[in-house]
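Here is how the chains run, residue by residue.
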Amino acid sequence: AADVAIARDTAGKAALEEAKEVAKLRKSAEALCTELCAEADESSQLLQELLVSRASTALLVCREEASRKMISNLLASREDAFLRGVFLVWRQACGEGSQEASAELTAKLESLRQEKSLIESKLADANKQVVALESEKVAASEAKLAESLRTQLKSAEEREAKAEEGLWELRCTAA
């Protein structure tokens, strides 16, 4: 029982460290984003949006990596606790020789196996959700960027048409 508590405490500490790392990465990504935006002038707003998009993508990648590390550390500690429990049960079963104790330990072992499979399925679902959310965020930012580019292109075409019209009028009045 003490080994399980130690494993849980270790997993908790690892999770806290990973959360701190994610927060630090988020702050540095935001600082980078604001620094890049401050350096760019108003005429390069498209460039700013592209940089923000790339910084956001980098942040998502870093966040995913940190969360995967945290989850893998948690699973490793749970696996360690599970294996310790298995060997403890085995040692007790061999030492006591009682059928009742053996049945009780077998039930405990089965419950630990079920808990392990439940945690693994939750981890798989969480990873799927993380991937889906990140895909949605990237697609949304790319769609927003494409719409911005279309708007700017249309505006540039309109200015070009007005400039050509003005040039034609100047030529007509000069002739």
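In short, a report on the structure. On a predicted model such as this, the values are computed, not experimentally measured, just so you know. (Residues numbered from 1 in each chain as written. Predicted model: local features only at pLDDT ≥ 70, side-chain atom pairs only at ≥ 80, totals over all residues. Heavy atoms only, no water.)

1. Regarding the overall build of the protein
- For the protein, the count of helices and strands is three helices and zero strands.
- Each helix (α) and strand (β) of the protein, taken in turn from the N terminus, gives the series α-α-α.
- Within the protein, the proportion of its 175 residues that are buried is 16%.
- Of the roughly 13000 Å² that the protein leaves accessible, carbon and sulfur atoms contribute 59%. (Helix = DSSP H or I, 4+ residues; strand = E, 2+ residues; numbered from the N terminus. Buried < 20%, exposed > 50% of the residue type's maximum accessible area, 1.4 Å probe, protein only. Areas by Shrake-Rupley, 256 points an atom, 1.4 Å probe, with all protein chains shown as cover.)

2. Things to note about a negative patch on the surface
- On the surface, Glu157, Glu158, Glu160 and Glu164 cluster together into a patch of negative charge.
- Within the fold, Glu160 resides in helix H3 (residues 99-174). (Patch = residues over 30% accessible without salt bridge, like charges linked within 9 Å, V, L, I, M, F, W, Y side chains within 5 Å. Salt bridge = Lys/Arg side-chain N within 4 Å of Asp/Glu carboxyl O. Lys, Arg positive; Asp, Glu negative; His and termini not counted. Charge placed at Lys NZ, Arg CZ, Asp CG, Glu CD.)

3. Considering a nonpolar patch on the surface
- Taken together, the side chains of Leu83, Phe87 and Trp90 define a hydrophobic patch exposed on the protein surface, amounting to about 370 Å² of accessible area.
- Tracing the sequence through the fold places Phe87 in helix H2 (residues 45-96).

4. With respect to the side chain of Ser148
- Relative to the helices and strands, Ser148 is located in helix H3.
- When its relative accessible area of 16% is taken as the criterion, Ser148 is described as buried.
- Apart from the residues lying within four places of it in its own chain, the contact partners of Ser148 are Leu46 and Glu49. (Contact = heavy atoms within 4.5 Å.)

5. Digging into the environment of Asn127
- Here Asn127 lies in helix H3.
- Once the C-alpha coordinates of Asn127 and Ser67 are considered, the two residues, 60 residues apart in sequence, prove to be 9.3 Å apart.

6. Description of the environment of Thr10
- With respect to the element layout, Thr10 can be found in helix H1 (residues 2-39).
- Between the alpha carbons of Thr10 and Ser77 there is a distance of 7.4 Å; along the sequence they are 67 residues apart.

7. Structural notes on the pattern of salt bridges
- According to the stated counting rule, one finds seven salt bridges in the structure shown.
- Ionic pairing is found between Arg150 and Glu147, a salt bridge with its closest N-O pair at 3.3 Å. A residue pair is termed a helical-turn pair when its members lie 3 or 4 positions apart in one helix, as Arg150 and Glu147 do in helix H3 at three residues.
- The exposure class of Glu147 is partly exposed, given its relative accessible area of 43%.
- When salt bridges that share partners are traced, they join Glu79, Lys116 and Glu120 into one network.

8. Considerations on the environment of Lys137
- One can find Lys137 in helix H3.
- With residues near it in sequence (within four places) discarded, Lys137 still touches Leu60 and Arg63.

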